[in-house]
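# Close look at the chain arrangement
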Amino acid sequence: MPRRVKAQVVVIGGGPAGMASALAAFENGARPVFLLERGEYLGGILNQCIHPGFGLHLFGEELTGPEYAERFKEKLSRTQVEVLLNTTVLEITPQRIVRAVNPQGVWEFETTRAVLSMGCRERTRGMLRLPGTRPAGIFTAGLAQYLVNIEGLLPGKEVLILGSGDIGLIMARRLTLEGATVKAVVEVRDSLSGLLRNYVQCLHDFNIPLWLSHTVTTIQGKERVEGVVVSRVDEGGRAIPGSERVVPCDTLLLSVGLIPENELSRQASIPLCPRTGGPVINEYFACEREGFFACGNVVGVFDLVDYVTLVSQGVGEAVNIPTAFSPAKYHLVPGDGVSLVIPQKIQEGKKGFLFLRSLQSFRQAAVSFSFQGKEFHKLRVPLCYPSEMIRLNIQDIPWPSQGGEIRIGITGERIRGIY
Amino acid sequence: MEPVFDVIIVGGGVVGCAVAWYLSHFDLRVVLLEKERDVCCGVSKANTGVIHSRSYFTPHTLKGELHLRSLELFPSLERELDFHCHKVGALTIAFSLHDLQYLNTLKERGKNPHAEIIGPQELKELEPLVNPEVIACYYDPETKVVSPFLLTLALAEFAVLNGVEFIFFTEVLGFEETRDALSVQTNRGVYRARVAINCTGIHATSLAQKTGETIPLHRLYRGQYFVLDRDCQSLVKHVLYPVPTVGSKGILVTPTPEGNILVGPNFELIPEEDTATTKIGLEEVERGGGRLVPSLPLHKTITTFSGIRPTLPDRDFRIFFSLRFPRLLHLCGIESPGLTASLGIAEYVGEQIQKTGILFREKKVAPRVSFPVFRTASWEEREKLIAQDPDWGDIVCRCEEVTLAEIKHALSSCLPASTLDGLKRRVRVMAGRCQGSFCGMHLPDILMGKSLQKREAIMKSGEKSWYCLDTIGRAETENASTR
Ligand SMILES: Cc1cc2nc3c(=O)[nH]c(=O)nc-3n(C[C@H](O)[C@H](O)[C@H](O)COP(=O)(O)OP(=O)(O)OC[C@H]3O[C@@H](n4cnc5c(N)ncnc54)[C@H](O)[C@@H]3O)c2cc1C
Ligand SMILES: Cc1cc2nc3c(=O)[nH]c(=O)nc-3n(C[C@H](O)[C@H](O)[C@H](O)COP(=O)(O)OP(=O)(O)OC[C@H]3O[C@@H](n4cnc5c(N)ncnc54)[C@H](O)[C@@H]3O)c2cc1C
């Protein structure tokens with residue numbers, strides 16, 4: 001017989017988002033609280049991020065990923081939050097029945113509140129539809145990071161990295177330190193995708209070239225990667241015929257973006273936002289289905305773990321707020337220059353954070369809020385990069401008295417190149 | 001002197017394995033030699049996986065004859081191998097009056113009272129996303145789909161259970177006639193047999209030519225595919241065929257038994273064996289698929305692949321004894337529908353072997369029992385499995401929900417996986433939407449235990465397909481965390 005358990009809160013995924021929301025829910029009086037994690041340890045992605053750069057905003061010091069995670073694990077161990085490790089959630093029904101398995105058996109939780117914090121996964125070669133042969137030696141950057149940092153394996157010796165996202169940049173340095181040669185980081189856009197500080201510390205300081213407006217068009221090699229064809233691209237991102245050159249290498253690392261992991265959310269009939277790939281949420285991080293919350297990378301890809309922790313703590317509080325699922329007054333939509341807006345819905349405009357990501361890099365930028373085609377609020381931002389989220393306090397924005405659709409745009413002077 | 005086998009099968013694709021399956025019913029000493037590390041590393045793993053029904057057979061050819069015979073053999077095979085073909089049915093889509101004629105031909109060939117030609121309205125109910133420009137369509141309920149790898153593996157496992165020996169990494173280089181046997185030369189020594197069967201797929205013709213046969217050169221036609229994410233599963237439920245153009249059955253949209261959708265293949269002449277996919281080829285497939293289903297979500301692609309057809313000028317199978325080596329049987333031009341026809345081919349090959357005077361005495365065979373699949377098991381079954389063995393509760397691959405128990409079984413069964421590809425094709429780790437970016441983290445440990453030195457030995461497929469190229473000392477890894 002499956003183990004049947006009644007719960008007030010079940011948190012799915014034990015990364016930074018799940019840990020913070022389970023803790024906060026417990027501290028706010030929810031009982032019992034379950035935290036389900038399929039891995040052997042709590043911490044999610046943090047466990048493999050052994051570089052410093054975590055916790056500056058929250059703790060005022062630079063921690064490594066595992067150190068950051070440790071603070072929360074330690075706190076959790078002093079509560080009665082029931083942590084189940086090696087436990088994979090396989091099904092969530094719209095009525096909040098959560099089914100999971102672990103080596104003890106099948107578990108069935110009936111819960112009043114379910115918190116989705118499953119994180120995200122990496123985009124793959126298949127999604128890019130990158131043609132060529134199918135040899136060994138093609139890795140997503142996060143997988144390579146795990147193999148190096150946790151398994152002690154060196155994926156390759158002559159490496160080309162596609163995509164200038166942060167994981168790719170960090171891996172360029174990591175592999176170089178382990179004795180591999182990183183031939184180049186290739187980026188299809190005309191500007192850097194990751195953080196400037198990562199470019200400086202991971203590429204520039206190691207003399208690793210960054211080729212902007214280039215892409216990989218074919219993979220070569222029968223058994224192991226032997227080389228890739230790199231082409232220049234035009235303004236529209238299309239490869240320019242005649243610009244191809246073969247770069248010999250034994251490994252291709254892909255750092256081409258992350259996708260929120262929402263197969264379970266879909267099963268539970270939770271409405272998803274086509275822009276973020278995550279659930280549509282309001283300022284309480286409540287989904288558009290009674291009893292469900294979502295936090296962390298499952299909602300949309302966050303840049304800093306500190307923000308993930310912050311919003312997840314908010315979720316822990318919100319599980320006890322009866323009005324969290326009341327109808328929203330404002331519907332926020334990304335306008336020109338904006339790639340992502342979280343949350344998408346707002347009830348009152350009195351609490352919580354608003355996160356924005358720009359589509360491109362801008363100098364002397366302005367964020368503008370408009371309602372019925374008229375701008376009602378404008379905010380100056382000296383520099384904005386797609387890699388860095390803009391975080392605003394929702395209560396600082398003079399929301400219109402009437403409800404409806406609010407369009408948020410970003411304009412400014414386009415930055416091309418690295419900075 | 002080496003022992004003399006009754007039969008040596010050269011090549012472990014679906015045809016070689018079907019021959020092994022067939023021969024394992026008789027009291028014969030049979031060995032199969034395969035140059036790769038596993039069965040089904042050639043064309044048999046890279047095709048559409050459709051068991052084409054009677055409606056699609058080619059009359060007045062050996063190909064057609066063996067196709068029909070195979071269809072008769074499938075039901076009992078499914079019981080014997082504990083293997084399930086998925087009867088999804090097919091729709092052949094007509095866009096013009098000319099196409100319509102072809103639908104009538106199919107109906108005549110099918111001789112199936114349940115098959116029918118239906119109009120756009122009915123079609124829309126069956127497959128709402130099909131191109132609205134369709135004027136009619138032939139509905140054939142008999143068409144099935146299989147995982148071609150799992151079918152080949154099931155045939156091979158049955159053969160192993162019933163006494164056929166499989167030897168890998170052994171490439172046949174040539175033949176020599178001795179007084180009492182045919183000697184088969186390989187890169188790893190000589191094997192002797194009373195009869196040898198050349199089932200080497202696209203290499204069959206060149207091997208035949210090496211033995212001095214005058215057989216026209218085959219041409220190689222590549223077919224490329226997209227594989228779409230399982231969450232597109234509900235979009236297309238039947239095999240969708242266009243009306244064929246010259247050369248091939250055209251670009252299909254096909255549901256797979258695992259719940260993915262395949263789009264392809266195109267039909268492109270290539271100068272030499274090359275299973276790469278190309279931008280141009282994939283664009284052609286995109287257009288072909290889009291003609292059948294305009295809203296095909298190709299952005300949901302999880303991978304692309306290609307397979308190669310060895311086609312003879314007359315487009316038929318050619319199965320014949322070598323003139324120079326009367327104990328050597330060649331199977332050339334086994335192109336589509338070679339997967340469907342494989343059982344018929346095997347029986348036919350058996351009959352040819354009997355003609356050489358080898359006695360076929362039937363023996364009692366052990367049935368094959370398939371191993372449970374966690375993903376498709378009910379919650380009650382899952383609970384029972386975990387109670388038997390906790391490894392059933394340890395999910396290693398999240399996309400395809402593959403458990404440690406299934407992986408361990410695949411690594412220790414009667415034809416165990418020895419490469420990552422072998423594991424992937426058996427249990428579908430790394431075959432889902434993340435293509436191994438998660439389970440790829442844990443597989444090295446599972447495959448090699450905790451012993452670091454051996455890790456470089458993990459291979460994707462062939463001898464030089466190392467998964468990782470080196471190791472990093474544990475101590476060094478820990479130091480690095482403070483860098
Ligand atoms: C390479 C890399 C470098 C980074 N560098 C920095 C940095 O320098 N500074 C910084 O501030 N941030 C950094 N980040 C970002 C930060 O790590 C993430 O924002 C944060 O980890 C997201 O937390 P999360 O809990 O939403 O997701 P995750 O950490 O991904 O956690 C999700 C958890 O859910 C579990 N899970 C998922 N599905 C299920 C299921 N069905 N059943 C059970 N459990 C499940 C997973 O196993 C995982 O443990 C980096 C991220 C990466 C990938
Ligand atoms: C694009 C495409 C789509 C198709 N779709 C379908 C379909 O939907 N339905 C259908 O019925 N059929 C289909 N077919 C046809 C079918 O896939 C083939 O006819 C069938 O798989 C051929 O099997 P085989 O065993 O002859 O060849 P292979 O699978 O290629 O097996 C030959 C084996 O011999 C080994 N070998 C080669 N040389 C040597 C040597 N010298 N020594 C030892 N071993 C050697 C190879 O490694 C290989 O394992 C399709 C084919 C293609 C290309």
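Residues numbered from 1 in each chain as written. Chains lettered and ligands numbered in written order. Predicted model: local features only at pLDDT ≥ 70, side-chain atom pairs only at ≥ 80, totals over all residues. Heavy atoms only, no water.

Counted under the stated rule, the structure contains 49 salt bridges over all chains. Where R121 of chain A meets E261 of chain A, a salt bridge forms, and the shortest distance between an N and an O atom there is 3.4 Å. Here R121 of chain A, found in strand β9 (residues 120-122), pairs with E261 of chain A, found in the loop between β19 (258-260) and α8 (263-267); they are 140 residues apart in sequence, far enough to count as distant. Assigned by exposure class, R121 of chain A and E261 of chain A land together as buried. A salt bridge links R69 of chain B to E347 of chain B; the nearest nitrogen and oxygen atoms lie 2.6 Å apart. One end of the pair, R69 of chain B, is in helix α2 (residues 62-81); the other, E347 of chain B, is in helix α8 (residues 338-355), and 278 residues separate them in sequence. What makes R69 of chain B partly exposed here is its relative accessible area of 28%. (Salt bridge = Lys/Arg side-chain N within 4 Å of Asp/Glu carboxyl O. Helix = DSSP H or I, 4+ residues; strand = E, 2+ residues; numbered from the N terminus. Buried < 20%, exposed > 50% of the residue type's maximum accessible area, 1.4 Å probe, protein only.)

Our focus in this paragraph is the interface of chain B and chain A. Facing the 58 residues of chain B at the interface are 58 residues of chain A. Summed over the shared surface of chain B and chain A, the number is 6 salt bridges. At the junction of chain B and chain A, the tally comes to 18 residue pairs in polar contact (both at pLDDT 80 or more). Among the elements of the structure, α7 (279-292), β18 (301-311), α9 (379-388), α12 (439-448), β23 (470-471) and α13 (474-480) of chain B are those that each provide at least two residues to the side of chain B that touches chain A. At 6 residues, β18 of chain B tops the list of elements feeding residues into the side of chain B that touches chain A. When the residues that make up the side of chain B that touches chain A are grouped by side-chain class, the tally is 22 nonpolar, 19 polar and 17 charged. Two elements, strand β11 (residues 153-154) of chain A and β23 of chain B, share 2 bridges in a ladder whose sense is antiparallel. (Contact = heavy atoms within 4.5 Å. Polar contact = N/O pair within 3.5 Å; in protein donor to acceptor, adjacent residues only side chain to side chain. Nonpolar A, V, L, I, M, F, W, Y, C, P; charged D, E, K, R; others polar. Pairing = 2+ DSSP bridges.)

Below, the discussion takes up the confidence of the model for chain B. Residue and element names in this part refer to chain B. Per-residue pLDDT for chain B averages 93, and the proportion of residues at 70 or more is 96%. Low confidence marks residues 474-483, where pLDDT is under 50. Its contacts with residues over four positions away, or in another chain, come to 20 contacts. Interface confidence in the predicted complex, given as ipTM, is 0.94; pTM for the same model is 0.95. (pLDDT = per-residue confidence, 0-100.)

Here we take up the packing of α2 of chain B against α8 of chain B. Helix-helix packing: each pair is described by the crossing angle between the helix axes and the interaxial distance. All names here are of chain B. Taken N-terminus to C-terminus, the directions of α2 and α8 make an angle of 100 degrees; their axes are 6 Å apart at the nearest point. Relative to α8, the element α2 is oriented roughly perpendicular. Counting all contacts with α2, which are made through L62, L66, H67, R69, S70, L71, L73, F74 and L77, the residues of α8 involved are T340, A341, S342, L343, G344, I345, E347 and Y348. (Axes fitted to C-alpha atoms, helices over the stretch in contact; angles between N-to-C directions. Parallel < 35°, antiparallel > 145°, perpendicular 65-115°, else oblique.)

Residue and element names in this part refer to chain B. Strand order in this open sheet of 3 strands is β3-β8-β4, and the pairing throughout is antiparallel. Across the chains shown, the open sheet's two edge strands, defined by having one partner strand only, are β3 (50-51) and β4 (86-87). Where β4 lies against strand β8 (residues 144-145), 2 bridges are found, and the strand directions are antiparallel. Bridging across to β8, H86 finds its partner in V145.

What follows is about the site of ligand 2. All names here are of chain B. Lining the immediate environment of ligand 2, one finds 37 residues, of which E34, S44, V50, I334 and T340 sit closest. Between an oxygen atom of ligand 2 and a side-chain N or O atom of S44, the distance comes to 2.4 Å. In the environment of ligand 2, a nitrogen atom lies 3.5 Å from a nitrogen or oxygen atom belonging to the side chain of H203. Residue assignment for the shell around ligand 2 shows that the elements contributing at least two residues are α1 (14-23), β18 and α8. (Near = heavy atom within 4 Å.)

For the bond from R31 of chain A to P32 of chain A, the omega torsion is -20 degrees, close enough to zero to count as cis. Along the chain, the position of P32 of chain A falls in the loop between α1 (16-27) and β2 (33-36). Residue S336 of chain B is joined to P337 of chain B through a cis peptide bond whose omega torsion reads 0 degrees. Along the polypeptide, P337 of chain B turns up in the loop between β20 (328-332) and α8. One non-glycine residue, D82 of chain B, lies in the positive phi region at around 50 degrees. On the secondary structure map, D82 of chain B appears in the loop between α2 and β4. Owing to a relative accessible area of 36%, D82 of chain B belongs among the partly exposed residues under this scheme. Backbone geometry at M430 of chain B places phi at a positive 70 degrees, although glycine is not the residue there. Mapped onto the secondary structure, M430 of chain B falls in the loop between α11 (420-427) and α12. Overall, the relative accessible area of 12% leaves M430 of chain B in the buried class.

All names here are of chain A. Along its sequence, chain A is organised into domain 1 (3-121 + 259-326), domain 2 (124-256) and domain 3 (344-414). Domain 1 and domain 3 are separated by 27 Å when their C-alpha centres are compared. Contacts between the two partners involve 19 residues from domain 1 and, on the opposite side, 15 residues from domain 3. Approximately 1500 Å² of surface area, both sides summed, lies buried where domain 1 meets domain 3, with 52% of it carried by carbon and sulfur atoms. Taken as a group, E283, D303 and Y307 account for 38% of the area that domain 1 buries against domain 3, more than any other trio of residues on that side. In this assembly, domain 1 and domain 3 are joined by 1 salt bridge. The interface formed by domain 1 and domain 3 contains 11 residue pairs in polar contact (both at pLDDT 80 or more). Considering only residue class, the side of domain 1 that touches domain 3 consists of 12 nonpolar, 4 polar and 3 charged. (Domains from an automatic or database assignment. Buried area = accessible area lost by both parts, 1.4 Å probe.)

Formed by 67 residues in total, the largest nonpolar core has its most connected members in I12, L36, I92, F109, L116 and F293 of chain A. In contact with L36 of chain A, other than residues within four places in its own chain, are V10, V11, I12, G13, G14, L84, T87, V89, V98, A100 and F109 of chain A. Counting 57 residues, the second-largest nonpolar core is a separate cluster that includes L23, L32, F74 and A346 of chain B. (Core = buried A, V, L, I, M, F, W, Y, C linked by side-chain atoms within 4.5 Å.)

Right, let's talk about the sheet that holds strand β25 (residues 362-371) of chain A for a bit. Two orientations exist for strands paired in a sheet by backbone hydrogen bonds: parallel and antiparallel. All names here are of chain A. Taken together, 5 strands build an open sheet; the order of strands is β23-β21-β28-β25-β26 and the sheet is mixed. Because the sheet does not close on itself, it has two edges, and the strands there are β23 (345-346) and β26 (374-384). Relative to strand β28 (residues 404-414), strand β21 (residues 330-334) runs parallel, the two sharing 5 bridges. Pairing of L332 across the sheet is with I406, part of β28.

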